[in-house]
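Now for the letters of each chain:
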Amino acid sequence: MSFNFDERVERYHTDSEKWLKYRDQDIIPLWVADTDFRVAPSIQQALQARVAHGVFGYAHDQGALANVTADWVSKQYHWTIDPDWVVPLSGIKPFFSLLQQCLLSTEQRSICHTPIYPPFTQSAISSGREQRHIPYPIFDQTSLLHSPLPALSHQDRLFLLCNPHNPGGRSHRRQELEQLAAYATEYNLWVCSDETHADLLLEPGLSHTPFAALSTECEQRSITLLSAAKAFNLAGLGCAVAIIPNLELRTTLRQAIALRMPVPNCLGVTATLAAWREGADWLNAQRDYLRANRDHLAAHLTTLPALRLITPEAGFLAWMDVSALGKSDPHKWFEHHGLGFTDGAPYGDPQAMRFNFGCSRTLLDLALSRLTQAVNAA
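Keep in mind that what you see is a predicted model, and the values were worked out from it rather than measured. (Residues numbered from 1 in each chain as written. Predicted model: local features only at pLDDT ≥ 70, side-chain atom pairs only at ≥ 80, totals over all residues. Heavy atoms only, no water.)

J.: Explain the overall build of the chain to me, using residue names and the numbers behind them.
T.: Looking only at helices and strands, one finds twelve helices and twelve strands in the chain. The C-alpha radius of gyration of the chain comes to 21 Å, within 12% of the 21 Å expected for a compact globule of 378 residues. If you line up the chain on its principal axes, its C-alpha atoms span 60 × 55 × 40 Å. Taken across its 378 residues, the chain has 57% of its residues classed as buried. Long-range contacts, defined as pairs at least 24 residues apart, comprise 74% of the intrachain contacts of the chain with a sequence gap of at least 6. For the chain, the computed accessible surface area is about 16,000 Å², with 50% contributed by carbon and sulfur atoms. For the chain, the centre of its 31 positive side-chain charges and the centre of its 38 negative side-chain charges are spaced 2 Å apart. (Helix = DSSP H or I, 4+ residues; strand = E, 2+ residues; numbered from the N terminus. Rg over C-alpha atoms; globule rule 2.2 N^0.38 Å. Buried < 20%, exposed > 50% of the residue type's maximum accessible area, 1.4 Å probe, protein only. Contact = heavy atoms within 4.5 Å. Areas by Shrake-Rupley, 256 points an atom, 1.4 Å probe, with all protein chains shown as cover. Lys, Arg positive; Asp, Glu negative; His and termini not counted. Charge placed at Lys NZ, Arg CZ, Asp CG, Glu CD.)

Laid out in structure tokens, this is it:
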């Protein structure tokens, strides 16, 4: 079956946060992490069947999501899990704050690399916990641990990992993860690994290794976060999972989730089940399209030496260093030139932009044309 990723789907007149941000402005939205592609036909069909039923009371998936998650990680990552380890979530962002409140006293702190996906750092602030930041070698893609990890104290308890990395797009290698595992063992850290971009590996020959899959010991100190939201463009449907092998930890977090977070809605579960059961062909085709978009973007930026691009190994988000342009507010400056990138400041670098290339090639070419005009006018 062929899939048309070149289709320009009109989103201005929908509830799209991505497109409404610049409604009635001549600015291309290239920011928030959703794509402009229609979902897989199998997902549309499953949702249409569920809507046709016409009743949307309190839902209980009766273990279907846990079983499908176990099948998916087995096929995609060669990781065997017990479905009992799977905890459904209505979203990942609020879970970060809940996790810090549950696992850390007010005197303890979490650890993460920066630049990083903002909820990693914002969750510490919102939960009233301290956080230690480790510089991430984002423009040196040779190793997650290029810079030595610092010595820790008894206050450090939770390591927040993003694999593949957002915004850098690096897929962390097994050897790197093993070094991190040794570090976590030395300091007795819980490790929460956000792996929501794992199904979007673009680099041929790479495979995703979950942190928890390294060993039984890693499993027992891990929380792995997965969702079909990024790979299958389902972010608006509110469904994710946490895989928590440690029984005591899982019990604690299940109780906290039940008190503080809504359950995934029935349409989100329906879409996720269809994605992980029947969406593999569509996903493979999307990866091919995104890879071509990524390579097209990278080739174009070689003509713009003022911009330094990190070519992502995974995902549809590219990180650009724009400091050579000498703009005090580069995000606003790019908007003035019709380009709505993600501002790098909340990630930890105000002289960087995140470029969402999860769009049709026609729209990408228009964005690249504007980018060239903007840089040449700088």
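More follows now that the structure is in view.
J.: Could you give an account of the side chain of Lys-230, naming the residues involved and the relevant values?
T.: Considering the arrangement of structural elements, one finds Lys-230 in the loop between β7 (222–226) and β8 (240–243). Although buried, Lys-230 forms no salt bridge, and the nearest oppositely charged side chain, Asp-34, lies 7.4 Å from it. Each residue touching Lys-230, except ones within four places of it in the same chain, is listed here: Ala-33, Thr-196, His-197, Leu-200 and Phe-316. (Salt bridge = Lys/Arg side-chain N within 4 Å of Asp/Glu carboxyl O.)

J.: I'd love a proper account of the pattern of salt bridges, names of residues and values included.
T.: One pass over the full model with this rule turns up 18 salt bridges. Residues Asp-156 and Arg-132 are paired through a salt bridge, measuring 3.4 Å at the closest nitrogen-oxygen approach. Linking Asp-156 in strand β5 (residues 156–162) with Arg-132 in strand β4 (residues 130–135), this pair joins segments that are 24 residues apart in sequence. Notably, a salt bridge pairs Asp-288 with Arg-291, separated by 2.9 Å at the nearest N-O pair. One end of the pair, Asp-288, and the other, Arg-291, are both in helix α10 (residues 280–301), three residues apart, so they sit about a helical turn from each other. Its relative accessible area of 46% is what places Asp-288 among the partly exposed residues. A network of salt bridges, in which partner residues are shared, links Arg-11, Lys-18, Asp-34 and Asp-36.

J.: An account of the state of the cysteines is needed here, citing residue identities and associated values.
T.: According to the stated counting rule, one finds zero disulfides in the structure shown. Unpaired in this structure, Cys-102 has its nearest cysteine sulfur neighbour in Cys-192, at a distance of 12 Å. As a non-bridged cysteine, Cys-162 has Cys-112 as the owner of its nearest cysteine sulfur, 9.7 Å distant. For Cys-162, a relative accessible area of 4% puts it in the buried group. (Disulfide = S-S within 2.5 Å.)

J.: Which residues make up helix α2 (residues 41–53), and what are the values?
T.: With 13 residues, α2 ought to run about 18 Å at 1.5 Å a step, and its terminal C-alpha atoms sit 19 Å apart, in line with that. When we look at burial in α2, the residues that qualify are Ser-42, Ile-43 and Leu-47. An end-on view of α2 places all buried positions within 130° of arc, on one side of the element. In this structure, α2 carries Gln-45, Gln-48, Ala-49 and Ala-52 as exposed residues pointing more than 90 degrees from its buried face. Where α2 is buried, its residues contact α9 (266–278). (Expected span 1.5 Å × (residues − 1). Arc of directions from axis to C-beta.)

J.: Lay out the packing of aromatic side chains with the relevant residues and their values.
T.: Counted under the stated rule, the structure contains 15 aromatic pairs. When the ring of Phe-37 is compared with that of Tyr-289, the centres are 5.6 Å apart and the planes differ by 85°; the resulting orientation is edge-to-face. Of this pair, Phe-37 sits in the loop between β1 (28–30) and α2 while Tyr-289 sits in helix α10, and the two are 252 residues apart along the sequence. Just as Phe-37 is buried, Tyr-289 falls in that class too. For the ring pair Phe-341 and Phe-355, a centre distance of 5.0 Å and an interplane angle of 40° mean the geometry is tilted. Placement of Phe-341 in strand β11 (residues 339–343) and of Phe-355 in strand β12 (residues 352–356) is noted, with a sequence separation of 14 residues between them. An aromatic cluster is defined as three or more aromatic residues linked by ring pairs; in this entry it consists of Phe-5, Phe-37, Trp-72, Phe-232, Trp-276, Trp-282 and Tyr-289. (Phe/Tyr/Trp six-rings, centres within 6.5 Å; stacked < 30°, edge-to-face > 60°.)

J.: Can you explain the nonpolar core? Please cite residues and give values.
T.: Ile-43, Phe-232, Phe-355 and Leu-371 are the most contacted members of the largest nonpolar core, which totals 71 residues. Take this core: its biggest share by element is eight residues, from helix α3 (residues 64–77). Residue contacts for Phe-355: discarding those within four places in its chain leaves Leu-30, Leu-297, Phe-316, Leu-317, Ala-318, Met-320, Phe-341, Leu-364, Ala-367, Leu-368 and Leu-371. If you look at the next biggest cluster of nonpolar residues, it comprises 28 residues, including Trp-190, Cys-192, Ile-223 and Ile-244. (Core = buried A, V, L, I, M, F, W, Y, C linked by side-chain atoms within 4.5 Å.)

J.: Got a sec to walk through the sheet that holds β12? Specific residues and values, please.
T.: What the five strands build is an open sheet, ordered β1-β11-β12-β10-β9; its pairing is mixed. One side of each edge strand has no neighbouring strand; the edge strands of this open sheet are β1 and β9 (308–310). Strand-to-strand, the axes of this sheet are offset by a mean angle of 35°, without reference to chain direction. Two strands pair when backbone bridges link them, and strand β10 (residues 317–321) and β12 are joined in this way by five bridges, in the antiparallel orientation. Note that in β12 the partner of Met-320 across the bridge is Met-353. (Pairing = 2+ DSSP bridges. Axes fitted to C-alpha atoms, helices over the stretch in contact; angles between N-to-C directions.)

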